[in-house]
Amino acid sequence: MMPVSVCESVVPRPRGPLPRVCGLVITGVYVLLEWGFVSDVTRLIQAAEPVLYGLCVGVVLHGVCLLAEEATSHFTQRHSNSVISLLKACVCWRAQAAVCVLALLCVFRGSALSWEEMGRVLLIAICYVLLKTFEVLAPSEVEISEICESRQMNVAHGLAWSFYQGYLKLVLPLLEDGVEKYNQKRHNLPAEGALTDPWSSRLHILLPLSASVCAHPEDDDPRVSFHDHLPPSEMDRAGVRKRVFKNSVYSIRDEKGQVHYCILEYATPLLTLYQMSQESSVAFGLPERRQQVLLFYRALRNILEGSLECRNRCRLILLDDARAGEPHFLSSQILNDLQQQDREEFPMALSPVDRPTPREDNGTMAANGTNGTAARLHDNKSMSSISLMISDSPHTLRSVPEENSETVTE
């Protein structure tokens, strides 16, 4: 995975409430200035009433225009002959509520709008409808993007959920067992290719920002080469009997010639994004494609972090294509991620002396995370570092042996 600082500078964060705050500040400044010049709150409210009425009525009239189209052409196909669904889709309930509140205020105040004010209300409403009709008041790209992201309506969100539900959620829980079978099969073979590192039972998924996904990673970097397949998993899925899911093991050679092995693949939904951008019928250019890749990464990361079945079983490696021209860019990024996992997980749990060698665990793969590693070490009777935290028999604080009393007091 990219360093945290790099990810924060590349991956878009969710949009915050700053535009609303700015709108409230601008309104407050205007009210203060107007109050200073007019010094009459009642007069200010009376001047604002026709404008508010006009805008609210304009929203209602625009909803009526939308209602005419939906009722005549799409009532059956889009709304399943449901009047409630039709009204919800066309009429903004906030505008209706605002009109009702203003009407109630006018009634309880005991005064109605004059003919001149009613004409002003109607003029403002008509102007609003015209501006909406000719898309002068159409939402900006930022507003559309915010709506799509908040409601998870982007292409990236759909692809991320499809990738998780249709593939990762099925494969990742079985990956560790597949690694164990793979290592057992290679027990009597040379040590090359055994998956014995603490991160070896994780699936490493490559996500290039350009969405350019090649069929063979070795085409991008000669230091990355295919090594072997994990034992395939079969399951019945969507009417297909014994659908096969297979993962590949790759060898990555560093600058010193040392070979590292890991389970590696590209994120296949990115190929869909890339092919969409190549279709002339889809308004999907290079900037939009890059944005969707970043949203796909963010959405998939959030999904995996919230999944009990897949948490800590997968690593997302975001590849910045600005350095894609380097001959060994891909291998360096993968090795950086493997080194980062070593630094994150093992220094706190095991010292280098206590770390199991490939033959100490009889080729069995270490589990994901510190808890899984501790369980494996417990099974292999190798609790040298963890046993320091566990006493032979339980004691209360009052039953601490005298020779340890000084240490406890300190």
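Our subject is the structure that appears above.
Residues numbered from 1 in each chain as written. Predicted model: local features only at pLDDT ≥ 70, side-chain atom pairs only at ≥ 80, totals over all residues. Heavy atoms only, no water.

Caption draft 1: Looking closely at the overall build of the chain. Scanning the chain for helices and strands turns up 13 helices and seven strands. Residues classed as buried in the chain amount to 34% of the 410 residues present. Here the contacts in the chain between residues at least 6 apart in sequence split such that 71% fall between residues at least 24 apart. In the form shown here, the chain has an accessible surface area of approximately 25600 Å², with 58% of it arising from carbon and sulfur atoms. (Helix = DSSP H or I, 4+ residues; strand = E, 2+ residues; numbered from the N terminus. Buried < 20%, exposed > 50% of the residue type's maximum accessible area, 1.4 Å probe, protein only. Contact = heavy atoms within 4.5 Å. Areas by Shrake-Rupley, 256 points an atom, 1.4 Å probe, with all protein chains shown as cover.)

Caption draft 2: Highlighting the state of the cysteines. Evaluation of the coordinates by the stated rule reveals zero disulfides. No disulfide involves Cys-314; its sulfur sits 7.8 Å from that of Cys-310, the nearest cysteine. Classification of Cys-314 by relative accessible area gives buried; the value is 13%. (Disulfide = S-S within 2.5 Å.)

Caption draft 3: Structural context of the pattern of salt bridges. Applying the stated criterion to the full structure yields four salt bridges. The residue Arg-120 makes a salt bridge to Glu-116 at a minimum N-O spacing of 3.9 Å. Linking Arg-120 with Glu-116, this pair stays in helix α6 (residues 115-133), spanning four residues, or about one helical turn. Accessibility expressed as a relative area gives 61% for Glu-116, which makes it exposed. For the salt bridge of Glu-176 with Arg-313, the shortest nitrogen-to-oxygen distance reads 3.8 Å. (Salt bridge = Lys/Arg side-chain N within 4 Å of Asp/Glu carboxyl O.)

Caption draft 4: Summary view of the packing of aromatic side chains. Using the criterion set out here, one finds five aromatic pairs in the structure. A centroid spacing of 5.5 Å and a plane angle of 20 degrees characterise the contact between Phe-163 and Tyr-167, whose relative ring orientation is stacked. Here Phe-163 and its partner Tyr-167 are both found in helix α8 (residues 155-185), four residues apart, which amounts to about one turn of the helix. Take Phe-163 and Tyr-167: they sit in the same class, and that class is buried. With a centroid separation of 6.3 Å and an interplanar angle of 40 degrees, the aromatic rings of Phe-163 and Phe-296 are classed as tilted. In this pair, Phe-163 is assigned in helix α8 and Phe-296 in helix α10 (residues 286-305), connecting sequence segments 133 residues apart. Look at Phe-163 and you get buried, because its relative accessible area is 4%. (Phe/Tyr/Trp six-rings, centres within 6.5 Å; stacked < 30°, edge-to-face > 60°.)

Caption draft 5: Broad picture of the sheet that holds strand β1 (residues 203-208). Pairing is mixed across the open sheet formed by five strands, whose spatial order is β2-β5-β6-β1-β7. Of all strands in the sheet, those bounded by a partner on one side alone are β2 (224-229) and β7 (314-319). When strand polarity is set aside, the average angle formed by the axes of neighbouring strands in this sheet is 40 degrees. Both strand β5 (residues 248-253) and strand β6 (residues 259-266) contribute to a ladder of five bridges, which runs antiparallel. When the sheet's bridge partners are listed, Arg-253 is paired in β6 with Val-259. In the packing of α10 onto the sheet, contacts are made with β1 and β7, and the angle to β7 comes to roughly 165 degrees. (Pairing = 2+ DSSP bridges. Axes fitted to C-alpha atoms, helices over the stretch in contact; angles between N-to-C directions.)

Caption draft 6: How the structure looks around the packing of α8 against α10. Contact geometry for α8 and α10: axes closest at 9 Å, N-to-C directions at 40 degrees. With respect to their mutual orientation, α8 and α10 come out oblique. Pair α8 / α10 crosses with right-handed handedness. Counted together, Val-155, Ala-156, His-157, Leu-159, Ala-160, Trp-161, Phe-163, Tyr-164, Leu-168 and Leu-172 of α8 and Gln-292, Leu-295, Phe-296, Ala-299, Leu-300, Ile-303 and Leu-304 of α10 form the full contact between these two elements. (Parallel < 35°, antiparallel > 145°, perpendicular 65-115°, else oblique. Left-handed = near helix turned anticlockwise from the far one by under 90°.)

Caption draft 7: Structural detail: the pairing of strand β3 (residues 233-237). Bridge count for β3 against strand β4 (residues 240-245) is four bridges, and the pairing is antiparallel. Directly across from Arg-237, in β4, lies its bridge partner Val-240. What sits between the antiparallel neighbours β3 and β4 is a turn of two residues, in which Ala-238 has the positive phi angle 55 degrees.

Caption draft 8: Quick peek at the packing of helix α9 (residues 269-277) against α10. Packing of α9 against α10 brings their axes to within 10 Å, and their N-to-C directions diverge by 165 degrees. By the angle between their directions, the pair α9 and α10 is classed as roughly antiparallel. Both α9 and α10 take part in a crossing whose hand is right-handed. Here Pro-269, Leu-270, Leu-273, Tyr-274 and Ser-277 of α9 lie close against α10, whose contacting residues are Arg-289, Gln-292, Val-293 and Phe-296.

Everything listed here is a matter of geometry and, on its own, says nothing about what the molecule does.
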